[in-house]
Amino acid sequence: AIIAGKDICLANKETLIAGGPHIVPLCQKHGVKILPADSEHSALFQCMQGLPEGGLRRIILTASGGAFRNFTLDEMKFMAE
């Protein structure tokens, strides 16, 4: 789809985390937009529409839990080693 010049829609961030160094340059080369399909990502995308370049200083996201919800700080540090 990217090589064909078709805009793509992603339902997760993992695609960009794992493949971003390959996907983003291809999208730039072929003039393809990467659009969010996931609800939270899409909400952020919609909020940013119309902002000038550099018009957003930061975004603060909160987390509701997930796989690491009940882990202590020490457990998280151990897993990051």
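Criteria and cut-off values
Residues numbered from 1 in each chain as written. Predicted model: local features only at pLDDT ≥ 70, side-chain atom pairs only at ≥ 80, totals over all residues. Heavy atoms only, no water. Helix = DSSP H or I, 4+ residues; strand = E, 2+ residues; numbered from the N terminus. Lys, Arg positive; Asp, Glu negative; His and termini not counted. Charge placed at Lys NZ, Arg CZ, Asp CG, Glu CD. Patch = residues over 30% accessible without salt bridge, like charges linked within 9 Å, V, L, I, M, F, W, Y side chains within 5 Å. Areas by Shrake-Rupley, 256 points an atom, 1.4 Å probe, with all protein chains shown as cover. Salt bridge = Lys/Arg side-chain N within 4 Å of Asp/Glu carboxyl O. Core = buried A, V, L, I, M, F, W, Y, C linked by side-chain atoms within 4.5 Å. Buried < 20%, exposed > 50% of the residue type's maximum accessible area, 1.4 Å probe, protein only. Contact = heavy atoms within 4.5 Å. Bend = angle between axes of the 7 residues up to and from the residue. pLDDT = per-residue confidence, 0-100. Disulfide = S-S within 2.5 Å.

Participant: Lay out the overall build of the chain with the relevant residues and their values.
Facilitator: Of regular secondary structure, the chain possesses three helices and two strands. When its helices and strands are written in sequence order, the chain yields β-α-β-α-α. Once the C-alpha set of the chain is aligned to its principal axes, its extents read approximately 45 × 25 × 20 Å. A distance of 8 Å separates the average location of the 8 positive side-chain charges in the chain from that of its 8 negative side-chain charges.

Participant: Provide a residue-level description of a nonpolar patch on the surface, including the pertinent values.
Facilitator: A cluster of nonpolar residues, Phe68, Phe71, Leu73, Met76, Phe78 and Met79, forms a patch on the protein surface that exposes about 630 Å² of accessible area. With respect to the helices and strands, leucine 73 occurs in helix H3 (residues 73-80).

Participant: Describe the nonpolar core, and please don't skip the residues or the numbers.
Facilitator: Ile2, Ile8, Leu10, Ile23, Cys27 and Val32 form the largest nonpolar core, which has six residues in total. Breaking this core down by element, the ones donating at least two residues are strand S1 (8-10) and helix H1 (14-30). Once residues lying within four places of it in the same chain are set aside, the contact partners of isoleucine 23 are Ile2, Ile8, Thr15, Leu16 and Ile34.

Participant: Pulling in residues and values, what's your account of the pattern of salt bridges?
Facilitator: One pass over the full model with this rule turns up one salt bridge. Among the salt bridges present, the one from glutamate 14 reaches lysine 13, with a minimum N-O distance of 3.7 Å. Judged by its relative accessible area of 44%, glutamate 14 falls in the partly exposed class. Here lysine 13 falls in the partly exposed class, since its relative accessible area comes to 46%.

Participant: Explain H1 to me, using residue names and the numbers behind them.
Facilitator: In an α-helix, one turn spans 3.6 residues, which is why side chains three or four residues apart end up on the same side. Along H1, the largest kink reaches about 95° and is centred on glycine 20; proline proline 21 follows within four residues of it. The set of residues buried in H1 consists of Gly19, Gly20, Ile23 and Cys27. As for H1, its buried residues are in contact with S1 and strand S2 (34-36). Looking one or two residues beyond H1, the residue adopting positive phi is glycine 31, at roughly 65°.

Participant: Describe the confidence of the model for the chain, listing the residues and the values that go with them.
Facilitator: Residues of the chain with pLDDT of at least 70 account for 96%, and the chain-wide mean is 87. Taken element by element, the predicted model of the chain shows its lowest mean pLDDT in helix H2 (residues 39-48) (83) and its highest in S1 (93).

Participant: Could you give an account of the state of the cysteines, with specific residues and numbers?
Facilitator: The bond known as a disulfide is covalent and runs between the sulfur atoms of two cysteines. Summed over all chains, the structure comprises zero disulfides. In this model cysteine 47 remains outside any disulfide bridge; the closest cysteine sulfur is found in cysteine 9, 17 Å from its own. Exposure remark for cysteine 47: the relative accessible area of 63% places this residue in the exposed category.

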